[in-house]
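One-letter residues, chain by chain:
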Amino acid sequence: MNKGKIIVFSAPSGSGKTTIVHYLMSQIKNLHFSVSATSRLPRGNEVDGKDYYFLTPEDFRAKISSNDFIEYEEVYAGKYYGTLKSEVEKQLARGENVILDVDVKGGISIKQVYKDNALTVFVQPPSIECLRRRLIKRGTDSIETINNRIQKAEYEITFAHQFDKIIINDILEEAQKDALTTVREFIDQK
C-alpha cells in the first residue's frame, strides 16, 4: 500500500479555508481530515474529537514537552493550536491522503517536515476590508477579537509566498474549483 500524502490549507481567520476544505472532502474520496488540537474553548456546535481535540492549556503544554506535535503555535495569548504526530502518522500509514486546516506558521512547519509529500495552499481574502466584513457577518466574535484577527491577518498574508499555491477566495465557487484541481493534481503525482 502506498503511503498517503499531506495537503495543508492555511489562511487568515475568515478567509474561507475551512469551507474549501469541507468542499474538497466531499469531492475527493481518499481525503481524510486531520483533527487539530487546541487549548481554546469550543465555539458554537464544535465537537471534541471531530472539530478539534480540546485540551486544557496545561495538557497542551505537557504534549509540547513530550514532543507530541508536528507543529504547534501559541496563536493568541494562552490559545494554542497544533497537529498531533500520532494522528497524522496513523492516517498516512493507512494510505490515506490527509488534509490539514492549520495556521500559517504551522503550514510552513509541516512543509519543512514532509517536504515533497506535502502540498501547502494559502487561501487569501481579496482584501482586508472584505475579510473584516466576513468576520463581522460570521457573528461569532466581539469587535475586539475581530480587530485582533484583522491585525494578525495582515501579518499572516506576508507569508503567502512561502506556500506552494495561493488561492484568492473572492468568489467561493471559483476558489473551490481551483483548490479541487490543485489537490487532485498533487494526489495523482507519483
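Please refer to the structure placed before this passage.
Below, the structure is looked at part by part. Quick caveat, the model's predicted, so the values are computed rather than measured. (Residues numbered from 1 in each chain as written. Predicted model: local features only at pLDDT ≥ 70, side-chain atom pairs only at ≥ 80, totals over all residues. Heavy atoms only, no water.)

### Comments concerning the overall build of the protein
Broken down by element type, the protein carries seven helices and nine strands. The C-alpha atoms of the protein give a radius of gyration of 16 Å, which matches the 16 Å a tight globule of 190 residues would have. With the C-alpha coordinates aligned to their principal axes, the bounding extent of the protein is approximately 50 × 40 × 30 Å. Considering only residue pairs separated by 6 or more positions, the protein has 67% of its internal contacts joining residues 24 or more positions apart. Working note: accessible area of the protein is about 10,000 Å², and carbon and sulfur atoms make up 49% of it. If you average the places of the 27 positive and of the 27 negative side-chain charges in the protein, the two averages end up 2 Å apart. (Helix = DSSP H or I, 4+ residues; strand = E, 2+ residues; numbered from the N terminus. Rg over C-alpha atoms; globule rule 2.2 N^0.38 Å. Contact = heavy atoms within 4.5 Å. Areas by Shrake-Rupley, 256 points an atom, 1.4 Å probe, with all protein chains shown as cover. Lys, Arg positive; Asp, Glu negative; His and termini not counted. Charge placed at Lys NZ, Arg CZ, Asp CG, Glu CD.)

### Details of the layout of surface pockets
Empty space among the atoms becomes visible once a probe the size of a water molecule is rolled across them. In this structure, the largest pocket occupies an estimated 1,200 Å³ of space. Sorting the residues of the lining of the largest pocket by element identifies α1 (17–27), β5 (69–76), β6 (79–84), α5 (128–138) and α6 (143–156) as the ones contributing at least two each. The leading source of residues in the lining of the largest pocket is α1, at five residues. For the lining of the largest pocket, the class distribution of residues is 12 nonpolar, 13 polar and 15 charged. (1 Å grid on protein atoms, 1.4 Å probe; cavity = no way out; pocket = protein on both sides within 12 Å on 5 of 7 lines; lining within 4 Å. Points joined across faces, edges and corners; volume = space filled by probe spheres on them. Nonpolar A, V, L, I, M, F, W, Y, C, P; charged D, E, K, R; others polar.)

### Observations regarding unusual backbone geometry
Even without being a glycine, asparagine 67 presents a positive backbone phi close to 60°. On the secondary structure map, asparagine 67 appears in the loop between α2 (57–65) and β5. In this structure asparagine 67 comes out as exposed when scored by relative accessible area, which is 51%. (Buried < 20%, exposed > 50% of the residue type's maximum accessible area, 1.4 Å probe, protein only.)

### What about the pattern of salt bridges?
The full count for this structure, using the stated rule, is 11 salt bridges. Two residues, aspartate 101 and lysine 17, come together in a salt bridge whose shortest N-O distance is 3.2 Å. With a gap of 84 residues between them, aspartate 101 in strand β7 (residues 97–101) and lysine 17 in helix α1 connect regions that are remote in the sequence. Like aspartate 101, the residue lysine 17 is buried in the burial classification. For arginine 61, the salt bridge identified is with glutamate 58, shortest N-O distance 3.8 Å. Taken together, the residues span about one helical turn, with arginine 61 and glutamate 58 both in helix α2 at a distance of three residues. A relative accessible area of 52% places glutamate 58 in the exposed class. (Salt bridge = Lys/Arg side-chain N within 4 Å of Asp/Glu carboxyl O.)

### Details of α5
Since the α-helix packs 3.6 residues into each turn, any two residues three or four apart lie on the same face. Among all positions in α5, only Cys130, Leu131 and Leu135 are buried. Taken around the axis of α5, the buried residues stretch over an arc of 135°, which confines them to a single face. Tucked inside the fold, the buried residues of α5 contact α6. (Arc of directions from axis to C-beta.)

### Re the environment of glutamate 87
With respect to the element layout, glutamate 87 can be found in helix α3 (residues 85–93). What makes glutamate 87 buried here is its relative accessible area of 18%. A distance of 3.1 Å separates the side chain of glutamate 87 from the side chain of tyrosine 53, its partner in a polar contact. (Polar contact = N/O pair within 3.5 Å; in protein donor to acceptor, adjacent residues only side chain to side chain.)

### Describing the packing of α1 against helix α7 (residues 172–188)
At their nearest, the axes of α1 and α7 sit 10 Å apart, and the two run at 55° to each other. Taken together, the axes of α1 and α7 lie oblique to each other. Classified by chirality, the crossing of α7 by α1 is right-handed. Contacts from Thr19, Ile20, Tyr23, Leu24 and Gln27 in α1 reach Leu172, Ala175, Gln176, Ala179, Leu180, Val183 and Arg184 in α7. Residue classes in the contact of α1 with α7 are distributed as eight nonpolar, three polar and one charged. (Axes fitted to C-alpha atoms, helices over the stretch in contact; angles between N-to-C directions. Parallel < 35°, antiparallel > 145°, perpendicular 65-115°, else oblique. Left-handed = near helix turned anticlockwise from the far one by under 90°.)

### Thoughts on the nonpolar core
The biggest cluster of nonpolar side chains holds 19 residues, and the ones touching the most others in it are Ile7, Phe9, Leu24 and Val183. By residue number, the principal contributor to this core is α7, which donates six residues. Not counting chain neighbours up to four residues away, the residues in contact with valine 183 comprise Ile7, Phe9, Leu24, Ile28 and Leu119. (Core = buried A, V, L, I, M, F, W, Y, C linked by side-chain atoms within 4.5 Å.)

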